[in-house]
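Below, each chain spelled out in residue letters.
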Amino acid sequence: MNDMPNQVHHRNDSTAINKDGKPIAALVDACLCARILETGEAQTTAKRPRR
């Protein structure tokens, strides 16, 4: 896990982070993240926290 940020940055790559075999997050290069946010490709679904 410690090398993931360097790997993503230097390869202009992305990777999924899984928990129990299910994707829970993604680590993407900062430039790709900026492009996604600029183009509006990111869709967010706000969920209420469980109590």
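Residues numbered from 1 in each chain as written. Predicted model: local features only at pLDDT ≥ 70, side-chain atom pairs only at ≥ 80, totals over all residues. Heavy atoms only, no water.

Undergrad: What is the right way to read the overall build of the chain from this model?
TA: When its secondary structure is counted, the chain shows 2 helices and 2 strands. For the chain, the sequential pattern of α-helices and β-strands runs α-β-β-α. Of the accessible surface of the chain, which amounts to about 5,100 Å², a share of 49% is contributed by carbon and sulfur atoms. (Helix = DSSP H or I, 4+ residues; strand = E, 2+ residues; numbered from the N terminus. Areas by Shrake-Rupley, 256 points an atom, 1.4 Å probe, with all protein chains shown as cover.)

Undergrad: Explain the environment of Ala26 here, please?
TA: Locating Ala26 in the fold gives a position in strand 2 (residues 22–28). You can call Ala26 exposed: its relative accessible area is 57%. Sequence separation between Ala26 and Ala16 is 10 residues, and the spatial gap between their C-alpha atoms is 4.4 Å. Beyond its immediate sequence surroundings of up to four residues, Ala26 is in contact with Thr15 and Ala16. (Buried < 20%, exposed > 50% of the residue type's maximum accessible area, 1.4 Å probe, protein only. Contact = heavy atoms within 4.5 Å.)

Undergrad: Would you explain the environment of His9 in this entry?
TA: Its place among the elements puts His9 in helix 1 (residues 4–11). On the basis of relative accessibility, which here comes to 49%, the residue His9 falls in the partly exposed class.

Undergrad: Would you take a moment to explain the pairing of strand 1 (residues 14–19) for this structure?
TA: The side chains of a regular strand alternate between the sheet's two faces. In the sheet, strand 1 pairs with strand 2 via 6 bridges, with the strands oriented antiparallel. Bridge pairing in strand 2 places Ser14 opposite Val28. In textbook terms, the turn of a hairpin is the stretch between consecutive antiparallel strands, and for strand 1 and strand 2 this stretch comprises 2 residues, one of which, Asp20, has a positive phi near 55°. (Pairing = 2+ DSSP bridges.)

Undergrad: I'm lost on the side chain of Asp29 in this one. Help?
TA: Structurally, Asp29 can be placed in the loop between strand 2 and helix 2 (30–39). Despite its burial, Asp29 remains without a salt bridge, the nearest opposite charge being carried by Arg35 at 6.3 Å. Asp29 has contacts with Val8, His9, Asn12 and Asp13, leaving out every residue within four places of it along the chain. (Lys, Arg positive; Asp, Glu negative; His and termini not counted. Salt bridge = Lys/Arg side-chain N within 4 Å of Asp/Glu carboxyl O.)

Undergrad: How do you make sense of unusual backbone geometry when you look at a structure like this?
TA: A negative phi angle characterises most non-glycine residues, just as the trans form characterises most peptide bonds. With a phi angle near 50°, Asn12 is a residue other than glycine that sits in the positive phi range. With respect to the helices and strands, the residue Asn12 is situated in the loop between helix 1 and strand 1. Of note, Asp20 is a non-glycine position whose phi angle comes to about 55°, a positive value. Taking the relative accessible area as the measure of exposure, Asp20 reaches 74% and is therefore exposed.

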